[in-house]
Amino acid sequence: MDFLIIDDDKTFREATCFLIDEEHHYAEGAASGQVGLKRLKEEKFDAVLLDLNLGQENGLDVLTEIQNAYPDLPVVIIAAAGNIKTAVEAMRRGAVDFLKKPFGNEQFLTVLARVQRLRQMGQRIERLEREVTETRAQEAESIFDFTAPAMQEVMETLLRAAKTPASILILGESGTGKCVIARAVHQNSHLADKPFS
C-alpha cells in the first residue's frame, strides 16, 4: 500500500515513513496540508495519515478537503494527547481511525492492519458493483422491448417452456441477444439454482 504522511514535524514524518517501509509498504511525507493535497492530486495513495496540529493549518480543515476530493480514501488521524476530543470529532467527520502521539510500533501495526482490511473491502465492493452492473446489462429487460406484442408472445412461449424439462434451441444472428434470452430462460427454469453455462 502507498501512504501519505501529512505532518509538520520532520522527525515524526521520517520515523513514520520508516515504520511503513519496514512493513514493506511505500510512504511519503508532506510538511503541510497544502503540500499533502497537492501530492494527492499528483499521485494515487491508498491511505493518508494526517496530523491534526499542522502549525498554521487546521487538520480538520485539511481532512474536510481530502474527504470532499477523495471520499473513498481512508484517512487516519494523528493527535497529541491534548487533542483526543478533536480526534473524535475528526472520526465523526469521516476519518477511519486515529493514533495518539507518541504511538508504539504495535499500535501502529494494528491501525495499519485495519486500513488494509478497509482497502480490501473497498476493492471487493467495487468488484461486486462491476459484476452487478455487467449482469444487469445482460438482463433481457434492458435489451429488448417487451411492450411489442410479438416480443411478449415469444417471451411467454419461452418462459412456459422454461418450466418444463424440454431442451430449447435459440437461433439467430450474432449480436441479436440469444445469450441474454438463454439466461432469462435459465433463470426461470427448474435449473435456476445451477450455474448458467
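Residues numbered from 1 in each chain as written. Predicted model: local features only at pLDDT ≥ 70, side-chain atom pairs only at ≥ 80, totals over all residues. Heavy atoms only, no water.

K.L.:
Please explain unusual backbone geometry as it appears in this structure.
P.N.:
With the exception of glycine, the majority of residues adopt a negative phi angle, and the majority of peptide bonds are in the trans configuration. For the bond running from K101 to P102, omega is -15°, close enough to zero to count as cis. Here P102 is to be found in the loop between β7 (97-101) and α5 (105-137). Even without being glycine, H24 reaches a positive phi, approximately 65°. Checked against the element boundaries, H24 lands in the loop between α1 (10-22) and β2 (26-30). (Helix = DSSP H or I, 4+ residues; strand = E, 2+ residues; numbered from the N terminus.)

K.L.:
What is the right way to read the packing of aromatic side chains from this model?
P.N.:
Remark: the centre distance and the inter-plane angle together describe each pair of aromatic rings, the angle taken between the planes. With the rule as written, the count across this model stands at 2 aromatic pairs. Ring geometry for F12 against F103: centres 5.6 Å apart, planes inclined by 90°, an arrangement best described as edge-to-face. Here F12 is found in helix α1, whereas its partner F103 is found in the loop between β7 and α5, with 91 residues between them in sequence. By the burial criterion, F12 is buried, and F103 matches it. Ring geometry for F103 versus F108: centroids 5.7 Å apart, planes at 15°, classification stacked. Residue classification places F108 among the buried residues on the basis of a relative accessible area of 2%. Within the aromatic cluster, the residues linked to one another by ring pairs are F12, F103 and F108. Residue placement shows K101 over the ring face of F12; its charged tip is 4.4 Å from the ring centre. (Phe/Tyr/Trp six-rings, centres within 6.5 Å; stacked < 30°, edge-to-face > 60°. Buried < 20%, exposed > 50% of the residue type's maximum accessible area, 1.4 Å probe, protein only. Lys NZ or Arg CZ within 6 Å of the ring centre and 35° of its normal.)

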